[in-house]
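Secondary and tertiary structure notes
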Amino acid sequence: MLTDSWMVVVLIAMTLCGAMGGAGLKAYATSRKKLHVLIGLGFYGTGALLNIVLLKFLPLTVVLPANALTYVWTLLIAKVAFKETVGPLRWLGVICIMGGLWFLVG
């Protein structure tokens with residue numbers, strides 16, 4: 001059985017995989033390199049498998065809302081990798097998501 005700390009690590013990995021999957025597809029949309037779409041789909045698939053593993057050990061009411069962390073990763077990836085502008089309202093959204101996750105998981 002997974003310990004609490006391992007479940008948090010797997011949960012973070014699951015959400016990061018979701019964000020990386022989206023980033024791979026974004027990269028494909030701009031480059032048309034098949035490798036990017038394969039990477040994106042691979043990350044999405046890995047995230048889905050980790051989701052299944054987590055659902056074996058954690059309640060649905062924790063795992064599915066925790067997917068909101070994917071939005072945080074996506075914002076960071078968009079800013080760093082794709083040089084997208086992130087306005088103050090989006091940063092406020094990140095703060096709200098993190099606060100909600102703190103209540104949910106903490």
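Above this text you will find the structure in question.
Okay, so let's go over this structure. Bear in mind the structure is a predicted one, so any value in this text is a computation, not a measurement.

As for the overall build of the protein
Of regular secondary structure, the protein possesses 5 helices and 0 strands. Ordered by position in the sequence, the α and β elements of the protein form the string α-α-α-α-α. By principal-axis analysis of the C-alpha atoms, the protein measures approximately 40 × 35 × 20 Å. For the protein, the residues scored as buried account for 26% of the 106 residues in total. A fraction of 64% describes how many contacts in the protein between residues 6 or more apart in sequence connect residues 24 or more apart. When the accessible surface of the protein is totalled, it reaches about 6900 Å², and 75% of it is carbon and sulfur.

A short note on the environment of V72
Following the sequence through the fold, V72 ends up in helix α4 (residues 69-81). Here the alpha-carbon distance between V72 and M98, two residues 26 residues apart in the chain, equals 8.3 Å. For V72, the contacting residues outside a window of four places in its chain are V94, I97 and M98.

Focus: the packing of helix α1 (residues 4-31) against helix α2 (residues 34-57)
The contact between α1 and α2 brings their axes to 7 Å, and the two run at 160°. The angle between α1 and α2 places the two elements in the roughly antiparallel class. Of the two elements, α1 crosses α2, and the hand of that crossing is left-handed. Counted by class, the contact of α1 with α2 contains 16 nonpolar, 10 polar and 1 charged residues.

Observations concerning the pattern of salt bridges
What the rule picks out here adds up to 1 salt bridge. In this structure, E84 engages K26 in a salt bridge whose closest nitrogen and oxygen atoms are separated by 3.9 Å. One end of the pair, E84, is in the loop between α4 and α5 (88-105); the other, K26, is in helix α1, with 58 residues separating them in the sequence. Overall, the relative accessible area of 33% leaves E84 in the partly exposed class.

Section: unusual backbone geometry
Even without glycine at this site, R32 takes up a positive phi of about 60°. Phi at K83 is positive, roughly 55°, even though this residue is not glycine. Here K83 shows up in the loop between α4 and α5.

Quick notes on the rules
- Residues numbered from 1 in each chain as written.
- Predicted model: local features only at pLDDT ≥ 70, side-chain atom pairs only at ≥ 80, totals over all residues.
- Heavy atoms only, no water.
- Helix = DSSP H or I, 4+ residues; strand = E, 2+ residues; numbered from the N terminus.
- Buried < 20%, exposed > 50% of the residue type's maximum accessible area, 1.4 Å probe, protein only.
- Contact = heavy atoms within 4.5 Å.
- Areas by Shrake-Rupley, 256 points an atom, 1.4 Å probe, with all protein chains shown as cover.
- Axes fitted to C-alpha atoms, helices over the stretch in contact; angles between N-to-C directions.
- Parallel < 35°, antiparallel > 145°, perpendicular 65-115°, else oblique.
- Left-handed = near helix turned anticlockwise from the far one by under 90°.
- Nonpolar A, V, L, I, M, F, W, Y, C, P; charged D, E, K, R; others polar.
- Salt bridge = Lys/Arg side-chain N within 4 Å of Asp/Glu carboxyl O.

By themselves, these figures tell us nothing about what the structure is for.
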